[in-house]
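Structural description and commentary
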Amino acid sequence: MVTVSLFKMSSVPKKLDIIYMIDGEKVGDCNFRVRRSEEDNEIQIEVFYEEDLEKGMKRFFSTEAREIAQYLKQKGKETIQRQITCFINREIGTFEIYRGPDHVTAKIREAMQRLMKVRLEQVNLDSQQLLMIVNQRSEEVKQAMFKYIHGMWYQILRGNKLEKNQKYLEYLSAKPESLRMISVIPKINWCNGSKYTVSFNGDTGTIKMWDGQYREKPRNEIRQLVKLVMNTSYKRIIDMI
C-alpha cells in the first residue's frame with residue numbers, strides 16, 4: 001500500500017528559492033535533499049532520518065529480521081537510515097509526503113514549514129466532497145466509512161458496486177454528513193492499464209493506493225489523484241460562495 005499525506009501551502013515560493021532553502025538542510029534528525037523532477041512545476045525532496053534499529057527491523061515481522069537486528073546491535077549498530085519521498089507541486093500549491101499520518105510525517109511537516117516559512121495545512125474533505133468523487137470521478141465504490149451513525153463510532157461497508165448497495169444508500173439518506181472515507185476505482189488515465197483501489201480519507205487528508213501488494217505507483221497516477229482531490233476541494237469552496 002502506498003499512502004500520500006496531502007497539504008496545501010499558504011503561499012508558493014519561487015522554484016530556485018525552494019531549492020536554496022531546502023537542499024542540504026537539516027532540522028532535528030531530518031536531512032533534506034532536492035532531486036530533479038520530471039515535471040517543471042514540481043520539486044522532488046528526499047528526507048533522510050535515523051530510526052532505532054530494532055524498531056525498524058520489526059517492520060519485517062520475521063525471525064530472520066530480529067536475528068539480523070540482534071547481530072547488528074552486537075556490532076555496535078544502533079540505528080538505520082530511512083528515506084521518505086516528498087513532492088512540492090508549485091502549479092496547485094501542494095506538498096505531498098509519501099507516508100501516512102504519524103509522528104514522522106508531523107516532524108517533516110514542521111521542518112518544511114520552518115525552512116520555507118509557509119504554513120502547510122492538511123487537506124480535508126467533507127462528505128459532500130467525497131460524494132463528488134464518488135459521483136463524478138469514480139467507476140465503482142469498494143468501501144465506505146461512516147462516523148457517528150446508528151450509535152456506532154465507525155461503521156464500515158465493504159463490497160462491489162457499493163453505490164448500488166441498499167445499506168450504503170440508507171446511511172447516506174439518514175445522515176449524509178457521516179461519510180468520512182471512500183475507497184473507489186477512480187477515473188484517471190492509467191499508465192499501464194492496470195487499475196486499483198484508491199482510498200480518500202476526509203479526516204486525515206490521505207490518499208491510499210492498494211493493488212493487493214506493496215509496490216510503487218507511477219508518479220503520473222499519483223499526480224492525477226492529488227489534482228482530483230484539490231479540484232474537488234476547490235470546487236466545493238466555489239459552490240459555497
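Read on for an overview of the structure.

Cut-offs applied
Residues numbered from 1 in each chain as written. Predicted model: local features only at pLDDT ≥ 70, side-chain atom pairs only at ≥ 80, totals over all residues. Heavy atoms only, no water. Buried < 20%, exposed > 50% of the residue type's maximum accessible area, 1.4 Å probe, protein only. Helix = DSSP H or I, 4+ residues; strand = E, 2+ residues; numbered from the N terminus. Pairing = 2+ DSSP bridges.

This next bit is on the pairing of strand S11 (residues 197-201). Counting buried positions along S11 gives 5 out of 5 residues, so the element sits mostly inside the fold. What you see with S11 is no split at all: Thr197, Ser199 and Asn201 on one side and Val198 and Phe200 on the other are buried throughout. Across 4 bridges, strand S10 (residues 179-186) lies against S11 in antiparallel orientation. Looking at S11, one finds that methionine 181 is bridged to asparagine 201. Here S11 runs beside strand S12 (residues 206-210); their pairing, made up of 5 bridges, is antiparallel. Of the residues in S12, the one forming a bridge with phenylalanine 200 is isoleucine 207. Connecting S11 to the next strand, S12, in antiparallel fashion are 4 residues, including glycine 205 with a positive phi near 65°.

What follows covers unusual backbone geometry. Phi angles above zero are rare outside glycine, and lysine 117 is one such case at about 60°. Considering the arrangement of structural elements, one finds lysine 117 in the loop between helix H4 (103-116) and strand S7 (120-122).

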